[in-house]
Amino acid sequence: MQSALEGLYDGQSENTTQQHHIYLEPGIFEKRVKAVATDKVKFIDDVLNSIGHDKKGQWLDVGCGAGEMLFVAKQLGWKVRGIESDIAEANFVRSLGIHVDSEYLDPTNCRRFLDDVGIISAINVLEHVADPTNFLKMITDELDEVVIVFEVPRHPSIASLNAVLFPELAFRHIYPPDHLHIFTEQSISKMLEDSNLEVVGSWSFGQDAFDFFNAVGASTGIVENPFWNSILDICPEIQEVIDRNKLSDTSLIVAKKKICSIS
């Protein structure tokens, strides 16, 4: 399985994910920095400030993609470094003046990458690895102190319902063969417990409403018109209601390693 997964994400094989063809389009990086990365990094930075975690050590982003998170973190004063297996995306990150290694983080190289690390982020990564708990344990077993940030697709959510109602249009949230896991609150808690981590901040959000109405439109052949556009325009307001009721499709978790007490 591991070799098949690596082939999917190295950007070289015919079965590679198509994401880098989108993320590296001219102008997309700037839009993603503004619309996606900035609020996430500021949220993480605020959480760390609230627990007295200063900017010591590097911010290591595993699976950093086109580097949006690291770009914003660097602007906020972090020393940054990325790991990205997709060669095209890694080269793009390097063009931003950010150090990135084209490898997979695994037990054979973990110690080398974790030197001088203060925070590790894995944004939209854990759903892609065969054993996410062992991935986190690999890190926490190596470091006495560490903050790990991860973002994963969650269930139950409107996006999960959307995939049931319109299975032929399932994408992003349930995205085979990319996504091996969808996480519940219980599975996240179990994973953190087994990895000796505790939550210090969390944020649930998504684009369930927009995905749902797009699926409705695509499956029924609705053509663009003022009425339909007015419905799509209020998707952000509908999403706020979904988020408040804990039915959003994404969880961003900030966790730190538990400090063992000596009796």
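Presented here is an overview of the structure given in this document.

Thresholds, definitions, all that
Residues numbered from 1 in each chain as written. Predicted model: local features only at pLDDT ≥ 70, side-chain atom pairs only at ≥ 80, totals over all residues. Heavy atoms only, no water. Patch = residues over 30% accessible without salt bridge, like charges linked within 9 Å, V, L, I, M, F, W, Y side chains within 5 Å. Areas by Shrake-Rupley, 256 points an atom, 1.4 Å probe, with all protein chains shown as cover. Salt bridge = Lys/Arg side-chain N within 4 Å of Asp/Glu carboxyl O. Helix = DSSP H or I, 4+ residues; strand = E, 2+ residues; numbered from the N terminus. Buried < 20%, exposed > 50% of the residue type's maximum accessible area, 1.4 Å probe, protein only. Core = buried A, V, L, I, M, F, W, Y, C linked by side-chain atoms within 4.5 Å. Contact = heavy atoms within 4.5 Å. Pairing = 2+ DSSP bridges. Phe/Tyr/Trp six-rings, centres within 6.5 Å; stacked < 30°, edge-to-face > 60°. Lys NZ or Arg CZ within 6 Å of the ring centre and 35° of its normal. Right-handed = clockwise from strand over helix to strand, strands pointing away. Polar contact = N/O pair within 3.5 Å; in protein donor to acceptor, adjacent residues only side chain to side chain. Axes fitted to C-alpha atoms, helices over the stretch in contact; angles between N-to-C directions. Parallel < 35°, antiparallel > 145°, perpendicular 65-115°, else oblique. Left-handed = near helix turned anticlockwise from the far one by under 90°.

In this section: a nonpolar patch on the surface. The grouping of Leu161, Val164 and Leu165 at the surface amounts to a nonpolar patch, some 290 Å² of accessible area in total. Mapped onto the secondary structure, Leu161 falls in helix H8 (residues 158-165).

Moving on, we come to the pattern of salt bridges. For the coordinates displayed, the defined rule picks out 13 salt bridges. With its nearest N and O atoms 2.9 Å apart, the salt bridge here joins Arg154 to Glu185. Taken together, the positions of Arg154 in the loop between strand S5 (147-153) and H8 and Glu185 in helix H9 (residues 185-194) put the pair 31 residues apart, joining distant regions of the chain. For Arg154, a relative accessible area of 3% translates into the label buried. Assessed through its relative accessible area of 38%, Glu185 is described here as partly exposed.

Let us now look at the nonpolar core. Buried together is how nonpolar side chains tend to be arranged in soluble globular proteins. Within the largest apolar cluster, 29 residues are counted, with the highest numbers of intra-cluster contacts made by Leu60, Leu105, Ile120, Leu126, Phe135, Ile139 and Phe150. Ranked by residue count, the leading element in this core is helix H7 (residues 132-140), at four residues. Ignoring anything within four residues of it in the chain, the contact list for Phe150 reads Ala122, Ile123, Leu126, Ile188, Met191, Leu192, Ser251, Leu252 and Ile253. Formed by 27 residues, the second largest nonpolar core is a distinct cluster that contains Cys64, Val80, Val147 and Val149.

Right, let's get into the sheet that holds S5. With respect to topology, seven strands assemble into an open sheet ordered S3-S2-S1-S4-S5-S7-S6, the strand pairing being mixed. Among the strands making up the open sheet, the edge pair consists of strand S3 (100-101) and strand S6 (197-205).

Okay, the packing of aromatic side chains next. Within this structure, the stated rule accounts for eight aromatic pairs. Here the aromatic rings of Phe29 and Phe71 are separated by 5.4 Å at their centres, their planes lie at 80 degrees, and the arrangement is edge-to-face. A residue pair is termed long-range when its members are at least 10 positions apart, and Phe29 in helix H3 (residues 28-50) and Phe71 in helix H4 (residues 68-75) qualify at 42 residues. When the ring of Trp203 is compared with that of Phe205, the centres are 4.7 Å apart and the planes differ by 50 degrees; the resulting orientation is tilted. Phe205 sits in the buried class, given a relative accessible area of 15%. Over the face of the ring belonging to Tyr23 we find Arg32, whose NZ or CZ atom lies 4.0 Å from the ring centre. For the cation-ring pair, Arg112 lies above Phe113, with the distance from its terminal atom to the ring centre recorded as 4.7 Å.

With that settled, the discussion passes to the pairing of strand S4 (residues 117-123). Side chains on a regular strand alternate between the two faces of the sheet. With seven of seven residues buried, S4 lies mostly within the body of the structure. Alignment of S4 against S5, held across five bridges, turns out to be parallel. Note on S5: the bridge partner recorded for Ile120 is Ile148. For the crossover that starts at S4, traverses H7 and ends in the parallel S5, the hand is right-handed.

For His173, the location among the structural elements is in the loop between H8 and H9. For His173, the side chain forms a polar contact with the main-chain oxygen of Arg154, separated by 3.4 Å. Here Ser160 takes part through its side chain, which lies 2.9 Å from a polar atom of the side chain of His173. Those residues in contact with His173 that sit more than four places away from it in its chain are Pro153, Arg154, Ser157, Ala159, Ser160, His179, Ile182 and Asp249.

Another aspect to go through is the packing of helix H10 (residues 208-220) against helix H11 (residues 226-233). For the pair H10 and H11, interaxial distance at closest approach is 10 Å and the crossing angle is 155 degrees. As summarised for this structure, H10 and H11 are arranged roughly antiparallel, according to the angle between their axes. Relative to H11, H10 is oriented so that their crossing is right-handed. Only Trp228, Ile231 and Leu232 of H11 make contact with H10, whose side of the interface consists of Phe213, Val216 and Gly217.

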